[in-house]
Amino acid sequence: MRRPASRYQYVRREPSVAEYIAMTGPAVVIAVLGYLGLLLLVGVGGAGVAAVVWLCGFLLLAGIAHARPTLKLLCGAWLVAGGLVVLTV
């Protein structure tokens, strides 16, 4: 890892395997709750509302995952939840 040019500069590091493993539990929770929530939205508001909510959630998680690479699993879990809804409906 290289040293920052100044003490205020942040040096981005890659997450360790342990950090990725620690995020699998929350990723499964996001996938299951996202799936159930999106199915509920399809029933209540229709497929268009669920699609907009899914897209906004995906963009939000992708933006957060860009800043914190460990959260890429949460973005993938939301992607899986949307895919399962599409396969179910």
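Values in this document were obtained by computation on a predicted structure and should not be read as measured data. (Residues numbered from 1 in each chain as written. Predicted model: local features only at pLDDT ≥ 70, side-chain atom pairs only at ≥ 80, totals over all residues. Heavy atoms only, no water.)

Draft legend 1. Layout of the overall build of the protein. Check the secondary structure of the protein and you find four helices and zero strands. Of the regular secondary structure in the protein, the N- to C-terminal order runs α-α-α-α. Long-range contacts, defined here as pairs at least 24 residues apart, represent 62% of the contacts in the protein between residues at least 6 apart. For the protein, the exposed area adds up to about 6300 Å²; of that, 73% sits on carbon and sulfur atoms. (Helix = DSSP H or I, 4+ residues; strand = E, 2+ residues; numbered from the N terminus. Contact = heavy atoms within 4.5 Å. Areas by Shrake-Rupley, 256 points an atom, 1.4 Å probe, with all protein chains shown as cover.)

Draft legend 2. A look at the packing of helix H2 (residues 24-45) against helix H3 (residues 47-67). H3 packs onto H2 with a crossing angle of 145° between their chain directions and a minimal axis gap of 7 Å. Residues Leu38, Leu41, Val42 and Gly45 of H2 pack against Ala47, Val49, Ala50, Val53 and Trp54 of H3. Split by residue class, the contact of H2 with H3 holds eight nonpolar, one polar and no charged. (Axes fitted to C-alpha atoms, helices over the stretch in contact; angles between N-to-C directions. Nonpolar A, V, L, I, M, F, W, Y, C, P; charged D, E, K, R; others polar.)

Draft legend 3. Up close: helix H4 (residues 72-88). Helix length check: H4, at 17 residues, gives a terminal C-alpha distance of 24 Å against a target of 24 Å (1.5 Å per residue), a fit within 8%. Burial in H4 covers these residues: Leu74, Cys75, Ala77, Trp78, Ala81, Gly82 and Val85. The buried side chains of H4 occupy one side of the element, clustering within an arc of 160° when seen end-on. With respect to the buried face of H4, the exposed residues turned more than 90 degrees away are Val86 and Leu87. In this structure, the buried side of H4 is in contact with H2 and H3. (Expected span 1.5 Å × (residues − 1). Buried < 20%, exposed > 50% of the residue type's maximum accessible area, 1.4 Å probe, protein only. Arc of directions from axis to C-beta.)

Draft legend 4. Seen up close, the packing of aromatic side chains. Enumeration over the complete set of coordinates arrives at one aromatic pair. Relative to Phe58, the ring of Trp54 has its centre 5.3 Å away and its plane inclined at 10°; by these criteria the two rings are stacked. With Trp54 and Phe58 both in helix H3 and four residues apart, the pair spans about one turn of that helix. Trp54 gets classed as partly exposed once you look at its relative accessible area, which sits at 21%. (Phe/Tyr/Trp six-rings, centres within 6.5 Å; stacked < 30°, edge-to-face > 60°.)

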